[in-house]
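Spelled out, the chains give:
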Amino acid sequence: QVQVVESGGGLVRPGDSLRLSCAVSGRAGSRYFMAWFRQAPGKEREFVATFNWGVDRYGPSVKGRFTISRGDAINTVHLQMNSLRPEDTAVYYCAADEKPYEYYSSNSYDYWGQGTQVTVSS
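Chemist: Hey, could you go over the state of the cysteines for me, with residue numbers and the actual values?
Modeler: Under the definition given, this model contains 1 disulfide. In this model Cys22 forms its disulfide with Cys94; the gap between the sulfur atoms is 2.0 Å. With the S-S dihedral at roughly -85 degrees, the linkage between Cys22 and Cys94 falls on the left-handed side. Of this pair, Cys22 sits in strand β3 (residues 18-25) while Cys94 sits in strand β9 (residues 90-97), and the two are 72 residues apart along the sequence. Residue class for Cys22 comes out buried when judged on its relative accessible area of 3%. For Cys94, a relative accessible area of 0% gives the class buried.

Chemist: Got a sec to walk through the side chain of Ser21? Specific residues and values, please.
Modeler: Turning to its location among the elements, Ser21 is positioned in strand β3. For Ser21, the side chain forms a polar contact with the side chain of His78, separated by 2.9 Å. Beyond its immediate chain neighbours, meaning those up to four positions away, Ser21 contacts Val5, Glu6, Ser7, Trp36, Val77 and His78.

Chemist: Got a sec to walk through the packing of aromatic side chains? Specific residues and values, please.
Modeler: Applying the stated criterion across every chain yields a total of 8 aromatic pairs. On the numbers, 6.1 Å between centres and 90 degrees between planes, the contact of Tyr32 with Tyr111 is edge-to-face. Residue Tyr32 is found in the loop between β3 and β4 (33-39), and its partner Tyr111 is found in strand β10 (residues 111-112); the two are separated by 79 residues along the sequence. A centroid spacing of 5.6 Å and a plane angle of 70 degrees characterise the contact between Phe47 and Tyr103, whose relative ring orientation is edge-to-face. Note that Phe47 is positioned in strand β5 (residues 46-52) and Tyr103 in the loop between β9 and β10, a separation of 56 residues in sequence. Given the relative accessible area of 24%, Tyr103 is considered partly exposed. Three or more aromatic residues link up through ring pairs in this structure, and these residues are Phe37, Phe47, Tyr93, Tyr103, Tyr104, Tyr109 and Trp112. In this structure, Arg31 is placed above the aromatic ring of Phe33, and the distance from its NZ or CZ to the ring centre is 4.6 Å.

Reading guide: rules and limits
- Residues numbered from 1 in each chain as written.
- Predicted model: local features only at pLDDT ≥ 70, side-chain atom pairs only at ≥ 80, totals over all residues.
- Heavy atoms only, no water.
- Disulfide = S-S within 2.5 Å.
- Helix = DSSP H or I, 4+ residues; strand = E, 2+ residues; numbered from the N terminus.
- Buried < 20%, exposed > 50% of the residue type's maximum accessible area, 1.4 Å probe, protein only.
- Polar contact = N/O pair within 3.5 Å; in protein donor to acceptor, adjacent residues only side chain to side chain.
- Contact = heavy atoms within 4.5 Å.
- Phe/Tyr/Trp six-rings, centres within 6.5 Å; stacked < 30°, edge-to-face > 60°.
- Lys NZ or Arg CZ within 6 Å of the ring centre and 35° of its normal.

Next up, the structure:
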């Protein structure tokens, strides 16, 4: 019954920007904590960004370049990605859970979107 949908990926050049969006629909009245993860070919899934205790948190490889923000509607978030690098190439996933135990761990989230491909190449 919980659906997670990401959008906004695409092919860009190094230094360009992209804005990803995610929306979660589920049980009426439910609030979901949401996070962004990414996974490159041959790599483990990596934490990208979330809110924890009202503070935006980032993985070390994206800090200073990416910004997470809340959408106008509840259970929506965006990820502004600036100064993109080839190493940012990955499938970006939106994750959601009613109460994740560890905000940075993919194992803490029960609900996942299908992912949106981000490719940074010259």
